[in-house]
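Breakdown of the fold
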Amino acid sequence: MSGPLLLSVRGLGVRYRAEGQSVEALTGIDLDLHARERIAIIGESGSGKSTFGLALAGLLPRGSEVSGSIAWPGLGAAPKPGKDIGIVFQDPGSSLNPVLTVGEQVAEVCRTHLGMGWRRSYARAVELLDRVRLPSPEGIVRAYPHQLSGGQRQRVAIAMAIAGRPRLLIADEATSAIDTVVQAEIVGLIRELCSADALALLFITHDIALASGLVDRIAVFRAARMVEIGPAEEVVSAPSSPYTAALIDAHLGLDAA
Amino acid sequence: MSVLRFLRTPEGAVGGFLLAALAFVALSAPVLFPGDPLAIVGPAYLHPFANPAFPLGTDSLGRNVLAGVMHGARTSLVIGLAAAFAAIVVGSAVGTLAGLFGGVVDEVLMRITEAFQTVPAFLLALAFVSVVGPSMGTVVVAIALSAWTAPARVARAEVLSIRQRDYVAAARAVGMHPLAIAFREVLPNALPPVLSLASVIVASAILIEAALSFLGLGDPNVATWGTMISEGRNVLRSAAYLSIAPGIALMVTVLAIYFAGEGAVEAASARRIAS
Amino acid sequence: MSDLLEVRGLTKTYRRSRETIAALRGVDLTLAPGETLALVGNSGSGKTTLGRAIARLIEPDGGAIRFEGRDLLAMRGRELRAMRARLQIVFQEPLEAFNPRATVFRVIADPLRVHRLAGRAEMPEAVSRLLVRVGLEPALAARAVHEISGGQRQRVAIARAIATRPSLIVLDEPLSALDVSVRGRILALLDDLQAETGVAYLLITHDLGVANAVAGRITVIDGGSIVEEGPTKVVLADPQSAAARRLVAAVPRLHRRTEPARIGG
Ligand SMILES: Nc1ncnc2c1ncn2[C@@H]1O[C@H](COP(=O)(O)OP(=O)(O)OP(=O)(O)O)[C@@H](O)[C@H]1O
Ligand SMILES: Nc1ncnc2c1ncn2[C@@H]1O[C@H](COP(=O)(O)OP(=O)(O)OP(=O)(O)O)[C@@H](O)[C@H]1O
Ligand SMILES: [Mg+2]
Ligand SMILES: [Mg+2]
């Protein structure tokens, strides 16, 4: 079901420099990702999940030290963020430009990465906003980011991330502010894109239940390391690390009182 | 380092080098030519390179032209920087208050800004100095009087977008005083685009100062390029060097500031793309 | 016991280019001291608008809000600023809610400084204590707000809100980016704080699991109107309104194999 090898990570390590200290955010990460494959990264706060996404996209802040290798056999060249990799950042508001309407921002991605004219880009922006289930997209294209609700902004960020028809979508807590109804629809949309457009997915989330219904494999991060990786159902039903087991037990469902 | 990035742009390298040279000239003037540059030190109308003691010659009264040019650099830079500093401080404060408080405050402050803007900068400075009388201080005020309007408008536009941001709401939720919000939370974040105006303001301040002293409205007690050019003008045919030397100095200064400004903008945008 | 917060007929309409959006259409709500009320609803239903109106960050078009027996909407200037120590809010997007030039220290010290709860000398100690309280290392204080992880930011936002020991905190999706272990710690912290200081929470969330775990009462908002309200267990077990039914039906479940089998070790 998954396609050719897209991405191969070997021994990846990242250190940040802050206030003279050096923070080890990732060490010794190995991962292969194929086209059409969907992987979830779960793990505790500060374990390096976002750092991993930023490292793949080449968007780590200046001054961070990277070791190990990230190869893109499926691309043949270094990936371009926006074009080859679509990214939904953890805080969607801060990745949107406050002085442009959301329509202009989504259209701009289509224009620069798909070479469309302005008119077609704008039409595609409306279509994309509709696809991420924003209500009355014709009105929302003209809204500025601060005029939208948190969940609506997050959906705009998703639309922007898929606008350039990327090969890899990195979604960092991309549905954390969206209600369960829309969440289920977005998950359906992502699944559809993965099979139709051969998109690969790196889904960073704290919601193990949401992940288990969407992805093929789950990787568990803890304290800068990958402590477990395996097929989603297996990780959920028979976790090999005690930390994963604890994560699953702590899941707050409706049945648990 | 951002300084390195600045010097790596071609404009930054040229501008930075020229400005450093100018600063050196301005700082070393009182060391190389202690005493009053307006004092008579030799024969009149000595042409450049004729006497090694006066490399750029002497003027109609026998004053050392090189000493005048070097001390003039001091005057130009001091007045240019002081006027730009005053204009940016006043302008960004006015723009921040107008943008943040909106309503009547905005209306009143922006009407005042427009009123100042409609009068040509030079006429305003001219009028002010003629009324108050020429001195370094009044010249600085006269120039700042019209130069603050551009920073005010830029700051206001920036603040209008910043005030929608959640961190301003968060500062209100904390219970911060509106003026603390304006000057601690909002203004520092609105400053970068305002500061990018600095080079233009300094350059035009230096030109206005030169024009004022050309018309005899500069501080009479200090050497200025404008005064030197104006005095040289009367003998342009016989001793053109008297106007050319300070003229070249003026041109180089303005170009250096312009290049430095371009380099700074370039370096800042490079950083934004990288992050 | 008299109510801590009483909202009556609150309305708010936004204008956005050519549309008008009725974000609140006559909302009523009450909250007793020390209570936790969950406010749930789908995206765009008006939760944040309501929370911000209560925190006096946006002016409603109509209606009334009483807080601690006083007319909240009539408060101005110094009186309003002093009141803010008693009524805090945690914003939906933590990064957006911090001054981009601030350090973690400054974010948490601000409310203490503004309300004179700590002098310059005690400040480092007070900030460290708050950081530890939300499960963060005191050393994080020196970092810029963009130099910490998303979940760490969310906890810094919570530390800022509890700094003044308010009697009501509006929590706008405070747990949405936290993994379950940290979430458990934060929920326990909110619980402890409630037991200790009697603070009430208006917990805005789309996560019915969280609402179920912490809130005794739940209110469901849809299209700017309250459509259902009652004890959490009752509403979630047998939702009456269409909006609540939709939310409950879409809660993701763990996709386990029916028969768990252990492979390898
Ligand atoms: N400043 C604004 N100008 C115009 N419309 C706005 C503004 N803020 C919010 N809206 C609109 O009002 C409605 C309610 O927004 P609100 O932020 O209260 O929703 P919410 O329930 O918090 O949603 P979410 O769960 O997505 O955060 C939405 O349709 C939104 O687009
Ligand atoms: N720019 C930075 N400078 C210094 N340290 C950083 C920086 N960004 C992140 N860190 C630190 O690196 C570690 C990993 O951060 P990261 O953002 O990858 O965590 P995460 O797994 O995404 O957590 P969360 O679930 O809370 O978002 C954290 O301890 C964090 O404090
Ligand atoms: Mg993260
Ligand atoms: Mg909201």
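The shown structure was predicted, so the numbers you read here are calculated from the model rather than taken from an experiment. (Residues numbered from 1 in each chain as written. Chains lettered and ligands numbered in written order. Predicted model: local features only at pLDDT ≥ 70, side-chain atom pairs only at ≥ 80, totals over all residues. Heavy atoms only, no water.)

1. Quick notes on the interface of chain A and chain C
Definition in use: In this analysis, two residues are considered to be in contact whenever any of their non-hydrogen atoms come within 4.5 Å of each other. Buried area: the sum, over both parts, of the accessible surface (1.4 Å probe) that disappears when the two are put together. In what follows, salt bridge is the name for a side-chain nitrogen of Lys or Arg lying within 4 Å of a carboxyl oxygen of Asp or Glu. In the scheme used here, Gly and all other residues not listed as nonpolar or charged are polar, with Ala, Val, Leu, Ile, Met, Phe, Trp, Tyr, Cys and Pro taken as nonpolar and Asp, Glu, Lys and Arg as charged.
The partner chain C presents 56 residues to the 59 residues of chain A that form the contact. Between chain A and chain C, a total of about 4,600 Å² is buried, with carbon and sulfur atoms accounting for 54% of that surface. Across the chain A-chain C interface, the total number found is 2 salt bridges. Taking the shortest distance from any N to any O, the salt bridge between D91 of chain A and R153 of chain C comes out at 2.9 Å. A class-by-class count of the residues in the side of chain A that touches chain C yields 22 nonpolar, 24 polar and 13 charged.

2. Description of the confidence of the model for chain C
Residues and elements named next belong to chain C. The criterion, for reference: Residue-level confidence of the predictor, termed pLDDT, takes values from 0 up to 100.
Summary statistics for chain C give a mean pLDDT of 88 and a share of 94% for residues scoring 70 or more. With pLDDT under 50 throughout, residues 258–265 is counted as low confidence; its partners more than four residues away or in other chains account for 6 contacts. Among the prediction metrics, the complex's ipTM stands at 0.87, with pTM recorded as 0.85.

3. Description of the coordination of the magnesium ion (ligand 3)
Basically, it comes down to this: Note: metal donors comprise N, O and S atoms at 2.8 Å or less from the metal (3.2 Å for Na, K and Ca); water molecules are not included, so apparent gaps in a site are possible. Secondary structure elements are taken from DSSP: a helix is a run of H or I of four residues or more, a strand is a run of E of two residues or more, and numbering for both begins at the N terminus.
In the first shell of the magnesium ion (ligand 3), the protein supplies S50 of chain A (OG) and Q90 of chain A (OE1), at 1.9 to 2.2 Å from the metal. With a gap of 40 residues between them, S50 of chain A in helix α1 (residues 49–57) and Q90 of chain A in the loop between β5 (85–88) and α2 (92–95) connect regions that are remote in the sequence.

4. Quick word on the nonpolar core
Which entries qualify depends on this criterion: Within this scheme, the nonpolar core is defined by two criteria: the residues are buried Ala, Val, Leu, Ile, Met, Phe, Trp, Tyr or Cys, and they are joined through side-chain atoms within 4.5 Å. The buried label applies to any residue whose accessible area, calculated with a 1.4 Å probe on protein chains only, is under 20% of its type's maximum; exposed applies above 50%, and partly exposed to all values in between.
The biggest cluster of nonpolar side chains holds 55 residues, and the ones touching the most others in it are L129, V156, F203 and I218 of chain A. Ignoring anything within four residues of it in the chain, the contact list for I218 of chain A reads A40, I42, S212, E228, I229, G230, A232, V235 and V236 of chain A. With 41 residues, the next largest nonpolar core counts A102, V104, L178 and L187 of chain C among its residues.

5. Remarks on the side chain of H115 of chain C
With respect to the helices and strands, H115 of chain C occurs in the loop between α3 (104–114) and α4 (123–133). Overall, the relative accessible area of 18% leaves H115 of chain C in the buried class. Residues in contact with H115 of chain C, not counting those within four places in the same chain, are V174 and G175 of chain B together with R81, A82, R84, A85 and T164 of chain C.

6. Quick look at the environment of L26 of chain A
All names here are of chain A. Residue position: L26 is located in strand β2 (residues 21–34). For L26, a relative accessible area of 1% puts it in the buried group. Between the C-alpha atoms of L26 and R222, which are 196 residues apart in sequence, the distance is 9.4 Å. What L26 contacts, discounting residues up to four positions off in sequence, is L12, G13, V14, S47, G48, T51, F52, F221 and A224.

7. Observations concerning the sheet that holds strand β2 (residues 19–31) of chain C
All names here are of chain C. As a reminder of what qualifies: Pairing between two strands is assigned when DSSP locates at least 2 bridges connecting them.
Spatially, 4 strands are ordered β2-β1-β4-β5 in an open sheet, and the strand pairing comes out antiparallel. Strand pairing shows two members of the sheet lacking a second neighbour, β2 and β5 (70–71), which therefore form its edges. Note that strand β1 (residues 5–16) and strand β4 (residues 62–67) share 5 bridges and pair antiparallel. Bridge pairing in β4 links L5 to F67.

8. So, the site of ligand 2
Worth spelling out the cut-off: A molecule or strand has a residue near it when one of that residue's heavy atoms lies within 4 Å. Residues adjacent in sequence count toward polar contacts only when both atoms are side-chain atoms; beyond that, a polar contact is any pair of N or O atoms within 3.5 Å, and within protein one must be able to donate a hydrogen and the other to accept it. Throughout, the Shrake-Rupley method with a 1.4 Å probe supplies accessible areas, and for residues the shown protein chains are the sole cover considered.
Every one of the 21 residues lining ligand 2 counts as a neighbour, but S45 and T51 of chain A together with S149, G151 and Q152 of chain C are closest to it. Neighbouring residues of ligand 2 are not confined to a single chain but are spread across chains A and C. Note that an oxygen atom of ligand 2 is positioned 2.7 Å from one of the side-chain N or O atoms of S45 of chain A. Interatomic distance of 2.9 Å between a side-chain N/O atom of Q90 of chain A and an oxygen atom of ligand 2. Relative to its free-state accessible area of 640 Å², ligand 2 is covered by the protein chains to the extent of 92%. Where the shell around ligand 2 is concerned, the elements lending two or more residues are β1 (5–18) and α1 of chain A together with α5 (150–162) of chain C. Along the lines of polarity and charge, the residues of the shell around ligand 2 split into 5 nonpolar, 12 polar and 4 charged.

9. Quick look at the packing of α5 of chain C against helix α6 (residues 180–197) of chain C
Two numbers describe a pair of packed helices, the interaxial angle and the distance between the axes. All names here are of chain C. Which entries qualify depends on this criterion: Under this scheme, a helix contributes an axis fitted over its contacting stretch, all axes are lines through C-alpha atoms, and angles between N-to-C directions fall in the 0 to 180 degree range. Here is the rule for angles: anything less than 35 degrees is roughly parallel, anything more than 145 is roughly antiparallel, 65 through 115 is roughly perpendicular, and the remaining ranges are oblique.
Between α5 and α6, the least distance of the axes is 12 Å, while the angle of their chain directions is 5°. Relative to α6, the element α5 is oriented roughly parallel. Two secondary-structure elements touch here, α5 through R155, I158 and I162 and α6 through V182, R185, I186, L189 and L193. Looking at the contact of α5 with α6 residue by residue, the classes come out as 6 nonpolar, no polar and 2 charged.

10. Some details on the coordination of the magnesium ion (ligand 4)
Residue and element names in this part refer to chain C. Each protein donor to the magnesium ion (ligand 4) is listed here as T48 (OG1) and Q92 (OE1); together their distances run 1.9 to 2.3 Å. One end of the pair, T48, is in helix α1 (residues 47–54); the other, Q92, is in the loop between β6 (87–90) and α3, and 44 residues separate them in sequence. Of the two residues examined, T48 and Q92, each falls in the buried class.

11. Quick look at the site of ligand 1
Contacts to ligand 1 come from 20 residues, most closely from S149 and Q152 of chain A together with S43, T48 and T49 of chain C. Taking S149 of chain A, its side chain carries an N or O atom lying 2.6 Å from an oxygen atom of ligand 1. Considering ligand 1 on its own, with 640 Å² of exposed area, one finds that the protein chains cover 91% of that surface. Split into classes, the residues belonging to the shell around ligand 1 amount to 4 nonpolar, 14 polar and 2 charged.

12. Examining the sheet that holds strand β7 (residues 168–172) of chain C
Residues and elements named next belong to chain C. Taken together, 6 strands build an open sheet; the order of strands is β6-β7-β8-β3-β9-β10 and the sheet is mixed. Edge strands, defined here as strands with exactly one partner in the open sheet, are β6 and β10 (225–231). This sheet shows a mean twist of 15° between the axes of neighbouring strands, independent of strand direction. Of the strand pairs in this sheet, strand β9 (residues 217–222) and β10 are connected by 6 bridges, and their pairing is antiparallel. If you follow I221 over to β10, its bridge partner there is I226. Each of β6 and β7 is contacted by α5, which is oriented at about 175° to β6, the strand it contacts most. Packing of helix α9 (residues 242–249) onto the sheet brings it into contact with β3 (36–40), β9 and β10, and relative to β9 it is tilted by some 105°.

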